[in-house]
Amino acid sequence: MRVLFDIYHPAQVHLFKNLIRSLEEKGHEITVVTKDKDLTNVLLDSLHIPYTCLSGIRGSLYKMGFELALRDWKILRLHSKYRFDLAIGSSVSIAHLTALAGVYSINFCEDDDDVVPLYAWLTYPFASKVVHPQGLKCKRFLSKRVYHPSYQKLAYLHPANFEPDPSILAKYDLEPQGYSIVRRSSYTAYHDSGQGGFTNTLLEKIQQRLSDAPVVLSIENQKNYQIDPIDMHHILSYAKLVVCDSQSMAVESAMLGTPSLRMSSFTGKIAVLNELEHKYQLTVGFSPGSEEEFLLKLNELLASPDLQKEWQERRERMLKDKIDLNAWMLELIEDVEKNIRQ
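Think of each chain on its own: its residues are numbered from 1, step by step along the sequence as written. For this predicted model, a pLDDT threshold of at least 70 governs which residues receive local features, and a threshold of 80 or more governs which side-chain atom pairs are given and counted, while totals over whole chains, interfaces and linings are taken from all residues. Water and hydrogen atoms were dropped before computing side-chain values, which therefore reflect all heavy atoms in the structure.

Draft legend 1. Main features of the sheet that holds strand S2 (residues 29–36). Pairing between strands is defined by DSSP: at least two bridges between the two strands are required. To qualify as a helix, a DSSP run of H or I must reach at least 4 residues; to qualify as a strand, a run of E must reach at least 2; elements of each kind are numbered from the N terminus. Taken together, the 7 strands give an open sheet; going across it, the order is S3-S2-S1-S4-S5-S6-S7, and neighbouring strands pair in parallel fashion. With partners counted over all chains shown, the strands left at the sheet margins are strand S3 (52–56) and strand S7 (145–148), one partner each. Within this sheet the neighbouring strands show an average axis-to-axis angle of 20°, counted without direction. Here strand S1 (residues 2–7) pairs with strand S4 (residues 86–89) via 4 bridges, running parallel. The residue of S4 that forms the bridge with Phe5 is Ile88. Orientation is described by axes fitted as lines to C-alpha atoms, over the contacting stretch for helices, and by angles from 0 to 180 degrees between their N-to-C directions.

Following this line, the structure appears as structure tokens:
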């Protein structure tokens, strides 16, 4: 098959990287297109995955609309050249490719419909299939939904797909559980409108509380990062604690059994994080306005002598319930290929 991957976000590089390699090994022809957001292209370069960058970050909703129309046109032109059989991604444009050219599309999303309402309305009416973790709150186009007993980040952080390498810590003079990570998100995506996380004052207090040991600081859209992006999951795996206002990093921490504490206005609104927090106790979330409670919890976690052991035990319980998503995606695509060939 000729398969198009449309990658909008650094997290999607990781989501699809193993799948891309597996499909290439099976002889499929792969084309990757990207949006130049944060570290997306940097990661693809590090992984030696060829790609074509179709667009960059746009500010206003009007500019994003113009970018979407331009991106749809560029992808349609690519299709006229390569004649794709299948399009995969988390993008609006591959669903529009289904509507415009009949290309079978599989969209992956781990957010409830109400969390990404504009994306849902622009994408789901046109996509061939929409893939979610079990437990998401879905309202419309239910016949198109396909559910899996996993998380998207287990496509690359499941033990079958990832083994942390302690030797990488030496590159940064770090010791296992001897440092913390602080991640701050930009909250500039369209679905982040009106949302927020850390204030500058809270961020300063967090760094003060963590000052007894090294702190790895990661700020979205800043490229003067302390850690090579391709090494980040190894660093995340051996951290003592992750403090963030990022939904993605909180979920990644949970997949690795690294304790995480987050502050975000999305707290309580996202099914995946609710499950990780309340069923598996693999992250702790607070809403803005709860700064004192947040800092008290931070002190409690820092003082816990068995923090890593407890979180690893919780991770093992979670992994018993979930599957290797990359293997599941390969089976899904094999089934789709049979349907396309008929």
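Draft legend 2. Representation of helix H12 (residues 307–321). With 15 residues, H12 extends 22 Å between its outermost C-alpha atoms, agreeing within 8% with the 21 Å of an ideal straight helix rising 1.5 Å per residue. For every residue, the accessible area (1.4 Å probe, protein chains only) is compared with the maximum for its type, and the residue is labelled buried under 20%, exposed over 50%, or partly exposed between those bounds. Of the residues making up H12, those classed as buried are Leu307, Trp311, Arg314, Arg315, Met318 and Leu319. The buried residues of H12 all sit within an arc of 140° when viewed along its axis, so they share a single face. Opposite its buried face, H12 presents the exposed residues Lys309 and Lys320, each directed more than 90 degrees away. Residues of H12 that are buried sit in contact with helix H6 (154–157), helix H9 (247–256), strand S11 (260–263), helix H10 (271–278) and helix H11 (291–303). In this analysis, the expected span of each helix is defined as 1.5 Å times one less than the number of residues it contains. Regarding the arc, it is the one traced by the directions from the helix axis to the C-beta atoms. Throughout, a residue-residue contact means that at least one pair of heavy atoms, one from each residue, lies within 4.5 Å.

Draft legend 3. Structural detail: unusual backbone geometry. Even without being glycine, His48 reaches a positive phi, approximately 60°. Mapping His48 onto the fold places it in the loop between helix H2 (40–46) and S3. Phi at Gln281 is positive, roughly 55°, even though this residue is not glycine.

Scope: geometric values only; no functional claims are made or implied.
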